Amino acid sequence: ELSDVVRIFVTGATGTLGRPTVKKLVAAGHEVRALARSAANEPLLRQLGATPVRADLFDATSVESAVDGCQAALHLATKIPPTSDARKRRAWIENDRIRTDGTRTLVDAALATGVERLVYPSVCFTYPDRGRDWIDTNTEIAPAGMLESTVAAEREVGRFSDTGRRGIVLRMGYFYGPTAPNTLD
């Protein structure tokens, strides 16, 4: 539980999940540092109440510098393709890279700088179809194709946890809200 002010590093702070998360963290009194891939993102991050930190999720040195001094990291970065392209394998290449290489880079940086907690929002679609049977955290996952990269990211969070730190994987489904692309159609 976060009761004191915590310095939190956030990737994907300008996205569908990132914006409301950053707002709530700032409203709760936490200090939020948000990855800014370019100067163009910095005004929005400041508007959300975060301190923009220029970094490249695929550059270990910049991520380590960005996360240094933080107690927690939220890895919310994604590149989900538009619904019209979602069935095309090539549309997921950048998202897969964020999940695999980006998560590995963030975990390495978090381990090197003493981050205590790491949160990764995974997806529930890794579970098999169980018909009417309940699915819970004990249900064995059955990832295929486009979901293999999220399982790789979950393994990275497991590597973080194996050091005695707290790694959290949240398997979520579809998001709906005022900034979600699927509600703007």
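All of these numbers come straight from a predicted model, not from anything done at the bench. (Residues numbered from 1 in each chain as written. Predicted model: local features only at pLDDT ≥ 70, side-chain atom pairs only at ≥ 80, totals over all residues. Heavy atoms only, no water.)

1. Focus on the side chain of Thr150
How we decide: The helix and strand labels rest on DSSP assignments: H or I over at least four residues marks a helix, E over at least two residues marks a strand, and numbering proceeds from the N terminus. The contact criterion used throughout is that any non-hydrogen atoms of two residues lie within 4.5 Å.
Among the structural elements, Thr150 can be located in helix H5 (residues 148-161). Among all residues touching Thr150, those that are not within four sequence positions of it are Arg99, Tyr120, Ser122, Val123 and Thr126.

2. Topic: the packing of aromatic side chains
Defined as follows: When the centres of two rings from Phe, Tyr and Trp lie within 6.5 Å, Trp using its six-membered ring, the rings pair. Their planes under 30 degrees apart give stacked, over 60 give edge-to-face, and anything left gives tilted. By definition, being over a ring means that NZ of Lys or CZ of Arg is both within 6 Å of the ring centre and within 35 degrees of the ring normal.
Counting across every chain of the model gives 0 aromatic pairs. The ring centre of Phe58 lies 3.6 Å from the NZ or CZ of Arg97, which sits over that ring.

3. Describing the packing of helix H4 (residues 93-113) against H5
We count it as follows: Structural elements are reduced to axes, namely lines fitted to C-alpha atoms, with helices fitted over the stretch in contact, and the angle between N-to-C directions of any two is expressed from 0 to 180 degrees. For this classification, under 35 degrees means roughly parallel, over 145 means roughly antiparallel, 65 to 115 means roughly perpendicular, and everything else is oblique. Only Asp, Glu, Lys and Arg are considered charged, only Ala, Val, Leu, Ile, Met, Phe, Trp, Tyr, Cys and Pro nonpolar, and every remaining residue, Gly among them, polar.
Two elements in contact, H4 and H5, have axes whose closest approach is 8 Å; the angle formed by their N-to-C orientations is 10°. On the basis of the axis angle, H4 is roughly parallel to H5. Side by side, H4 and H5 meet where Asp96, Arg99, Thr100, Thr103, Arg104, Val107, Asp108, Ala110 and Leu111 of the first sit next to Ser149, Thr150, Ala152, Ala153, Glu156, Val157, Arg159 and Phe160 of the second. In terms of residue class, the contact of H4 with H5 is made up of 7 nonpolar, 4 polar and 6 charged.

4. Here's the deal with the sheet that holds strand S3 (residues 51-54)
So the rule is basically this: For two strands to be treated as a pair, DSSP must find at least two bridges joining them.
An order of S3-S2-S1-S4-S5-S6 is seen for the 6 strands of this open sheet, with the pairing classed as parallel. The sheet is open, and its two borders are formed by S3 and strand S6 (166-172), each paired with just one other strand. This sheet shows a mean twist of 25° between the axes of neighbouring strands, independent of strand direction. Note: strand S1 (residues 7-11) against strand S4 (residues 72-75), 4 bridges, orientation parallel.

5. Quick notes on the pairing of S3
So the rule is basically this: A crossover counts as right-handed when, viewed with the strands pointing away from the observer, the path leading from the first strand over the helix to the second turns clockwise.
Note that strand S2 (residues 31-36) and S3 share 4 bridges and pair parallel. Within S3, the residue paired with Arg33 across the bridge is Thr51. In this region the chain leaves S2, passes through helix H2 (residues 42-48) and returns to the parallel neighbour S3; the handedness of that crossover is right-handed.

6. Details of the pattern of salt bridges
Put simply, the rule reads: The working definition used for a salt bridge is a side-chain nitrogen of Lys or Arg within 4 Å of a carboxyl oxygen of Asp or Glu. When a residue's accessible area, from a 1.4 Å probe over protein chains only, is under 20% of the maximum for its type it is buried; when over 50% it is exposed; and in between it is partly exposed.
For the coordinates displayed, the defined rule picks out 9 salt bridges. A salt bridge links Arg54 to Glu42; the shortest N-O distance between them is 3.7 Å. With Arg54 in strand S3 and Glu42 in helix H2, the pair connects residues that are 12 residues apart, well separated along the chain. Since its relative accessible area comes to 48%, Arg54 is described here as partly exposed. As a salt-bridge pair, Arg104 and Asp101 come within 3.3 Å of each other at their nearest N and O atoms. Of the two residues, Arg104 and Asp101 both sit in helix H4, 3 residues apart, roughly one turn of that helix. Residue Arg104 is classed as partly exposed on the basis of its relative accessible area, which comes to 36%. Taking the relative accessible area as the measure of exposure, Asp101 reaches 28% and is therefore partly exposed.

7. Regarding the environment of Val10
Checked against the element boundaries, Val10 lands in strand S1. The class of Val10 is buried, set by a relative accessible area of 0%. For the pair Val10 and His75, spaced 65 residues apart in sequence, the C-alpha to C-alpha distance is 6.0 Å. If sequence neighbours within four positions are ignored, Val10 has contacts with Val22, Leu25, Val32, Arg33, Ala34, Leu35, Leu74 and Leu76.

8. Let's talk about the nonpolar core
Put simply, the rule is: Definition used in this section: a nonpolar core is a set of buried Ala, Val, Leu, Ile, Met, Phe, Trp, Tyr and Cys residues joined via side-chain atoms within 4.5 Å.
One finds Phe9, Val67 and Leu118 to be the most contacted residues of the largest nonpolar core, which totals 22 residues. Those elements that provide at least two residues to this core are helix H3 (60-67), H4, strand S5 (117-123) and H5. Here the element with the most residues in this core is H4; it accounts for 5 residues. Grouped together as the second largest cluster of nonpolar side chains are 16 residues, Val22, Leu48, Ala72 and Leu76 included.

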